[in-house]
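Structural characterization, general
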Amino acid sequence: MEALMRHIISILLENEAGALSRVSGLFSARGYNIESLTVAPTEDESLSRMTIVTTGSEAVVEQITKQLNKLIEVVKVVDLSESPHIERELMLIKVRATGKEREEMKRMSDIFRGHIIDVTDSTYTIELTGAGSKLDAFILALDKSAILETVRTGASGIARGERVLRA
């Protein structure tokens, strides 16, 4: 049996209504799970870049890629996991920060190179960027009862060096 691996699939597609739903529909129709999905317009406003994180064997990801390439809106598909790449994720986390917790939360934010972007009498909202494992480690380092709300973007990725995803 083939090993399941995490794959980051980057898709360049036409920026039009319904394109996102057709791509996500392709995954759900075949029973493939999307662990995270990010999409936004590129420097060319007629195109969007979608980043999908999924887990599957090489054969499954190859099948996904072939199916994606058949969609009319899709301009190009690349599995970033096949070569050196950079990936980052953004997390906003609202934590309780009262009394002695306040200094501890500031210290934890500093250790993980986070930024406190909102302050109230009883909370801090901290912005963190980095690899998903860094964000996971931050959450694990906190007392669960201190976490009020968490929002994560999912991975965004780009190939290293001269390799580019363009139309």
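The notes below deal with the structure included here. (Residues numbered from 1 in each chain as written. Predicted model: local features only at pLDDT ≥ 70, side-chain atom pairs only at ≥ 80, totals over all residues. Heavy atoms only, no water.)

Things to note about the layout of surface pockets
Here is the rule we go by: Every definition here rests on a 1 Å grid over the protein atoms only: cavities are sets of points where a 1.4 Å probe fits but cannot get out, pockets are open sets enclosed by protein on both sides within 12 Å along at least five of seven lines, and lining residues have some atom within 4 Å of a point. Grid points are joined across faces, edges and corners, and a volume is the space filled by probe spheres set on the points. Amino acid classes used here: Ala, Val, Leu, Ile, Met, Phe, Trp, Tyr, Cys and Pro are nonpolar; Asp, Glu, Lys and Arg are charged; the rest, including Gly, are polar.
Approximately 180 Å³ is the volume found for the largest pocket. Leu12, Thr42, Glu43, Asp44, Leu47, Arg49, Val164, Leu165, Arg166 and Ala167 are the residues that line the largest pocket. Taken together, the residues that form the lining of the largest pocket break down as five nonpolar, one polar and four charged.

Concerning the packing of aromatic side chains
Worth spelling out the cut-off: Here a pair means two rings of Phe, Tyr or Trp (six-membered ring of Trp) with centres within 6.5 Å. Their orientation is stacked below 30 degrees between planes, edge-to-face above 60, and tilted elsewhere. Working definition: helices are DSSP H or I runs of at least four residues, strands are E runs of at least two. Numbering for both runs from the N terminus. Exposure is judged per residue with a 1.4 Å probe applied to protein chains only, and the accessible area is read against the type maximum: over 50% gives exposed, under 20% gives buried, and values in between give partly exposed.
Throughout the structure, instances matching the rule amount to two aromatic pairs. With a centroid separation of 6.4 Å and 80° between ring planes, the pair formed by phenylalanine 27 and tyrosine 32 is classed as edge-to-face. With 5.1 Å between their ring centres and 80° between their planes, phenylalanine 112 and phenylalanine 138 make a pair best called edge-to-face. Taken together, the residues phenylalanine 112 in the loop between helix H3 (100–111) and strand E6 (115–119) and phenylalanine 138 in helix H4 (residues 132–141) connect sequence positions 26 residues apart. Taken as a pair, phenylalanine 112 and phenylalanine 138 share a single burial class, namely buried.

Overview of the nonpolar core
Test applied: The definition of a nonpolar core used throughout is a set of buried Ala, Val, Leu, Ile, Met, Phe, Trp, Tyr and Cys residues joined through side-chain atoms within 4.5 Å. By definition in these notes, contact holds between two residues if any of their heavy atoms fall within 4.5 Å.
The biggest cluster of nonpolar side chains holds 16 residues, and the ones touching the most others in it are Met91, Ile93, Val95, Ile126, Leu128, Phe138 and Leu142. Of all elements in the fold, only strand E5 (85–96), H3, strand E7 (123–130) and H4 reach the threshold of two or more residues within this core. Those residues within four positions of leucine 128 in sequence are excluded, and the remaining contacts are Glu89, Leu90, Met91, Phe112, Gly114, Lys134, Leu135 and Phe138.

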